[in-house]
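# Descriptive analysis of the structure
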Amino acid sequence: MLSFLLCVALLVVGYVVYGKIVDKCFAPTDAATPAIANPDGVDYVPMSNAKAFLVQLLNIAGLGPIFGAISGAMWGPSVYLWIVFGTILAGGVHDYMSGMLSVRNDGASITEVTGKYMGKTMQNVMRVFGLVLLVMVGVVFMVGPAGLLAKLTAGNSFLNVKTWTIIILIYYFLATLLPVDKIIGRLYPIFGICLILMAIGIAISTMIHSGERPMMEITLKNLYPAAGKKPIWPLMFITVACGAISGFHATQSPVISRTLKSEKDGRKIFYGAMICEGIIAMVWASAAIAFYYDPSKAASGMGLEALLKVKGGNATSVYEMCKALLPGVGTVIAMLGVIACPITSGDTAFRSARMVIFDWFKLDEKQIKVRLSVAVPLLLIGYIISKVDYNVVWRYFSWSNQTLAMIVLWCGAMYFVANYENKNVCWICAVPATFMSAVSVTYLMYAPECFNLIKLGNQGIVISYATGIVAAIAFLAIFILRGYLIADKCKKIQDSVIIGRS
């Protein structure tokens, strides 16, 4: 229990201390934000800080900090360290930079922002990559809650997974199409109550039951069940996904960047929401280990076998934990909280996909016919993909997610060296970008759904590790040579909203 409480405390301290450092490096100003300068009644709609924070939190807190954290728990309490330090040093920086760069570029989608600071080639790569990721996110966050709702209504044969998927799809259609303050702005406070009650309830119940189901303390030992032992690096770092850092968040931040009233609120909303998501991930990871760990099988290395048998984070494991830890009404509240997380990310995933297409082809979002012509095909494609095996979609989503985060961090680093007199501030982005480059490339080489070097055994692992490290060093070298060292000779890349600022 001590490790859990300490990790939560570190996340809070990280927000207060490191969050201020990141904010100071970026140096927000009093210039008019897109919502104030260019309101349009659809996407550019000023919101209060409280509502903007809540919408941002629910946008990013999908299944990642729940399903991903529970799946990451299969490696044991070492996952705590990744959640804490990943959130503070990488995830929070990533979310803050993606949100604030969008604010300074008239609320532009991350694909357009990346193109501005990393060139046209990367812009086109990000457009395609971002769209694919957003549709996959929409699918993951549609099928996941449909499975959970089917569990709650198991006595009704009509309300099966297929029916709930269609119902959620209809809601996504409305949320994608209508102005941001009509559905998303009004329903999120209700979903937010469920989310908060769920996290508090699971955390308190896990601590209360710590006598019969002890909360494990931090250890660096790999506790993945021996029968199918898998290395912590890079698998755990990809599996946890949204609970530490997530490229998906960069696609969501522009939704809120178009509603901010002041740049100086960025730390509270963007960095703060990521810290809250880290706390949610800590709750579920620690609860899963306590719930499923069997000390009697520790000697054989099969202590977490039960968690492996239910395949980690999914509708089954969440339902079992909610039912046991919060019996009765608490189960319903907890399940609704878990359901609210993915639904409130899935709706804005499709909305963000629509925004990417509009930015790409310079379409007018004010015309309902134009919005329909984009929203309908996107949702139909999502429904078709929902027929694919969920675990396969999740694995591709996880890798794409972390790779996008890597690109956005490099974009942030380039922004600093091109626009700031003190170019050393770039390292708050460049260091985590280098780390995530190693994670992403190593997984690309190793994973069965990618180059599948795992089939070569230990030799494949060595090749994957070496390739990941070399690639990360190469990316860093390119950044230094083409960005950091020659920045003084480069023409400054001016932000559309900050031209003329002192």
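### Points about the overall build of the protein
- For the protein, the helix and strand inventory stands at 19 helices and zero strands.
- A buried classification covers 61% of the 502 residues belonging to the protein.

### Description of the nonpolar core
- Grouped together as the largest cluster of nonpolar side chains are 155 residues, with contacts concentrated most on Trp284 and Phe416.
- When residues of this core are assigned to their parent elements, the largest contribution, 17 residues, is made by helix 12 (residues 266-292).
- Contact partners of Phe416, with chain neighbours within four places excluded, come to Cys25, Phe26, Met97, Val425, Cys426, Ile428 and Cys429.

### A closer look at the packing of aromatic side chains
- Following the criterion strictly, the structure yields 18 aromatic pairs and no others.
- Relative to Phe435, the ring of Trp82 has its centre 5.7 Å away and its plane inclined at 40 degrees; by these criteria the two rings are tilted. Placement of Trp82 in helix 5 (residues 78-103) and of Phe435 in helix 18 (residues 427-446) is noted, with a sequence separation of 353 residues between them.
- On the basis of relative accessible area, Trp82 is assigned to the buried category, the value being 7%.
- With a centroid separation of 5.2 Å and an interplanar angle of 65 degrees, the aromatic rings of Trp233 and Phe237 are classed as edge-to-face.
- Judged by relative accessible area, which is 23%, Trp233 ranks as partly exposed.
- Given the relative accessible area of 12%, Phe237 is considered buried.
- Counting every residue linked through ring pairs, the aromatic cluster contains Phe26, Tyr96, Tyr117, Tyr415, Phe416 and Tyr420.
- The ring of Tyr15 is capped by Arg267, whose NZ or CZ atom sits 4.6 Å from the centre of that ring.

### Section: helix 16 (residues 368-385)
- For helix 16, which comprises 18 residues, the first-to-last C-alpha distance of 26 Å matches the rise-based estimate of 26 Å (1.5 Å per residue) to within 8%.
- Val370, Arg371, Val374, Ala375, Leu378, Leu379 and Gly382 are the residues of helix 16 that are buried. In a view along the axis of helix 16, the buried residues occupy a sector of 135 degrees, so they form one face of it. Of the exposed residues in helix 16, those oriented more than 90 degrees away from the buried face are Lys369, Leu380 and Ile384.

### Some points on the packing of helix 5 against helix 11 (residues 248-257)
- Between helix 5 and helix 11, the least distance of the axes is 8 Å, while the angle of their chain directions is 45 degrees. One finds that helix 5 runs oblique with respect to helix 11. Crossing handedness for the pair helix 5 and helix 11: right-handed. Across the interface between the two elements, His94, Asp95, Ser98, Gly99, Ser102 and Val103 of helix 5 pack against His249, Ala250, Ser253, Pro254 and Ser257 of helix 11.
- Taken together, the residues of the contact of helix 5 with helix 11 sort by class into three nonpolar, seven polar and one charged.

### Considerations on the side chain of Asp40
- Following the sequence through the fold, Asp40 ends up in the loop between helix 2 (34-37) and helix 3 (49-60).
- With a relative accessible area of 15%, Asp40 lands in the buried category.
- Polar side-chain contacts of Asp40 include one of 3.1 Å to the backbone nitrogen of Asp43.

### Side note on the pattern of salt bridges
- A full pass over the atoms with the stated rule returns seven salt bridges.
- We note a salt bridge from Lys297 to Glu305, for which the minimum N-O separation is 2.9 Å.
- Residue class for Lys297 comes out partly exposed when judged on its relative accessible area of 32%.
- A cluster of three or more residues bridged by salt bridges with shared partners is formed by Lys297, Glu305 and Lys309.

### Describing the confidence of the model for the protein
- For the protein, mean pLDDT is 86; residues scoring 70 or higher make up 90% of the total.
- The low-confidence segment residues 494-502, where pLDDT is below 50, has 24 contacts with residues more than four positions distant or belonging to other chains.

### Some thoughts on unusual backbone geometry
- Along the chain, Trp233 connects to Pro234 via a cis peptide bond; the corresponding omega equals 0 degrees.
- Within the fold, Pro234 resides in the loop between helix 9 (184-208) and helix 10 (235-239).
- A positive phi angle is found at Asp106, which is not glycine, with a value near 55 degrees.
- One can find Asp106 in the loop between helix 5 and helix 6 (110-118).

### Looking at the environment of Val255
- Within the secondary structure layout, Val255 lies in helix 11.
- The exposure class of Val255 is buried, given its relative accessible area of 2%.
- Residues Val255 and Val55, spaced 200 residues apart in sequence, show a C-alpha to C-alpha distance of 9.2 Å.

Reading the values: rules and limits
Residues numbered from 1 in each chain as written. Predicted model: local features only at pLDDT ≥ 70, side-chain atom pairs only at ≥ 80, totals over all residues. Heavy atoms only, no water. Helix = DSSP H or I, 4+ residues; strand = E, 2+ residues; numbered from the N terminus. Buried < 20%, exposed > 50% of the residue type's maximum accessible area, 1.4 Å probe, protein only. Core = buried A, V, L, I, M, F, W, Y, C linked by side-chain atoms within 4.5 Å. Contact = heavy atoms within 4.5 Å. Phe/Tyr/Trp six-rings, centres within 6.5 Å; stacked < 30°, edge-to-face > 60°. Lys NZ or Arg CZ within 6 Å of the ring centre and 35° of its normal. Expected span 1.5 Å × (residues − 1). Arc of directions from axis to C-beta. Axes fitted to C-alpha atoms, helices over the stretch in contact; angles between N-to-C directions. Parallel < 35°, antiparallel > 145°, perpendicular 65-115°, else oblique. Left-handed = near helix turned anticlockwise from the far one by under 90°. Nonpolar A, V, L, I, M, F, W, Y, C, P; charged D, E, K, R; others polar. Polar contact = N/O pair within 3.5 Å; in protein donor to acceptor, adjacent residues only side chain to side chain. Salt bridge = Lys/Arg side-chain N within 4 Å of Asp/Glu carboxyl O. pLDDT = per-residue confidence, 0-100.

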